[in-house]
Amino acid sequence: VYGKDALNVYARAKVSLNVMRWHKDGFTERIANAMLQKAAVVTDRTTYLEENFVDGKDIILFDLGHLQEVPNRIKNLLACEEKRKQIAENGYEKALAAHTWKSRAAKILEMIEEDEATRDFWS
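Bear in mind that the values here come from a model prediction, so they are computed numbers and not experimental data. (Residues numbered from 1 in each chain as written. Predicted model: local features only at pLDDT ≥ 70, side-chain atom pairs only at ≥ 80, totals over all residues. Heavy atoms only, no water.)

Participant: Would you mind going over the nonpolar core with me for this structure?
Facilitator: When a protein is soluble and globular, its nonpolar side chains tend to lie buried together. Judged by nonpolar contacts, the single largest core of 15 residues is most densely connected at Phe27, Ile31, Met35, Val41, Leu49, Phe53 and Ile59. Elements with a minimum of two residues in this core: α1 (3-12) and α2 (29-36). Of all the elements, α2 adds the most residues to this core, at four residues. Residues in contact with Val41, not counting those within four places in the same chain, are Ser16, Ile31, Ala34, Met35, Ile59 and Ile60. Membership of the second largest hydrophobic core comes to nine residues, among which are Val42, Ile60, Phe62 and Leu77. (Core = buried A, V, L, I, M, F, W, Y, C linked by side-chain atoms within 4.5 Å. Buried < 20%, exposed > 50% of the residue type's maximum accessible area, 1.4 Å probe, protein only. Helix = DSSP H or I, 4+ residues; strand = E, 2+ residues; numbered from the N terminus. Contact = heavy atoms within 4.5 Å.)

Participant: Quick question: what am I supposed to make of the packing of aromatic side chains here?
Facilitator: Aromatic ring pairs are described here by two measures, namely the spacing of the ring centres and the angle between the planes. For the coordinates displayed, the defined rule picks out two aromatic pairs. A ring pair is formed by Phe27 and Phe53, whose centres lie 5.7 Å apart and whose planes are at 15°; its orientation type is stacked. With a gap of 26 residues between them, Phe27 in the loop between β1 (15-18) and α2 and Phe53 in the loop between α3 (47-52) and β3 (60-62) connect regions that are remote in the sequence. Comparing Phe27 with Phe53 shows no difference in burial state: the two are buried. (Phe/Tyr/Trp six-rings, centres within 6.5 Å; stacked < 30°, edge-to-face > 60°.)

Participant: Explain the side chain of Thr43 to me, please; I cannot follow it from the model alone.
Facilitator: With respect to the helices and strands, the residue Thr43 is situated in strand β2 (residues 40-44). The exposure class assigned to Thr43 is buried, which follows from its relative accessible area of 0%. At 3.4 Å, the side chain of Thr43 forms a polar contact with the side chain of Asp44. The residues touching Thr43, leaving out its near neighbours within four places in the chain, are Asn18, Val19, Met20, Ile31, Leu49, Ile59, Ile60, Leu61 and Phe62. (Polar contact = N/O pair within 3.5 Å; in protein donor to acceptor, adjacent residues only side chain to side chain.)

Participant: Would you mind going over the pairing of β1 with me for this structure?
Facilitator: Regular strands place their side chains on alternate faces of the sheet. Residues of β1 alternate between two faces, with Ser16 and Asn18 buried on one and Val15 and Leu17 left unburied on the opposite face. Two strands pair when backbone bridges link them, and β1 and β2 are joined in this way by four bridges, in the parallel orientation. Residue pairing in the sheet places Leu17 in a bridge with Val42 of β2. (Pairing = 2+ DSSP bridges.)

Participant: Is there a simple way to think about the sheet that holds β2 in this case?
Facilitator: The pairing of strands in a sheet comes from backbone hydrogen bonds and takes either a parallel or an antiparallel form. The parallel open sheet is built from three strands, whose spatial order is β1-β2-β3. Looking at the sheet topology across the chains shown, the edges are occupied by β1 and β3. Neighbour to neighbour, the strand axes of the sheet diverge by 15° on average, direction disregarded. Pairing geometry for β2 and β3, over three bridges, is parallel. (Axes fitted to C-alpha atoms, helices over the stretch in contact; angles between N-to-C directions.)

As structure tokens, this is what we get:
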């Protein structure tokens, strides 16, 4: 599923299961989109995710070396509707605040302005 169709799937999903095969230090639009559609995200750990999200509060993180734990974590999440909804809501709030294209563009412009303000005019 691509583009806006993916957003419709995320919006209907209770959980979005993700694997970060190539982004071991990062974050993907896929995770942000799932959060912005209020699906609880379950994904493997990356440096960025560990530094910017809280496992069990706004995301569920797992280790690829311990995949046997994933089914029970998802079952527990689905068994407790209130907890799943709270994680999804927390993820939504965090994604809305910092992980939309608009917020990223604002951050880039801020970085450019800081760079311009500190750059030596004659260099």
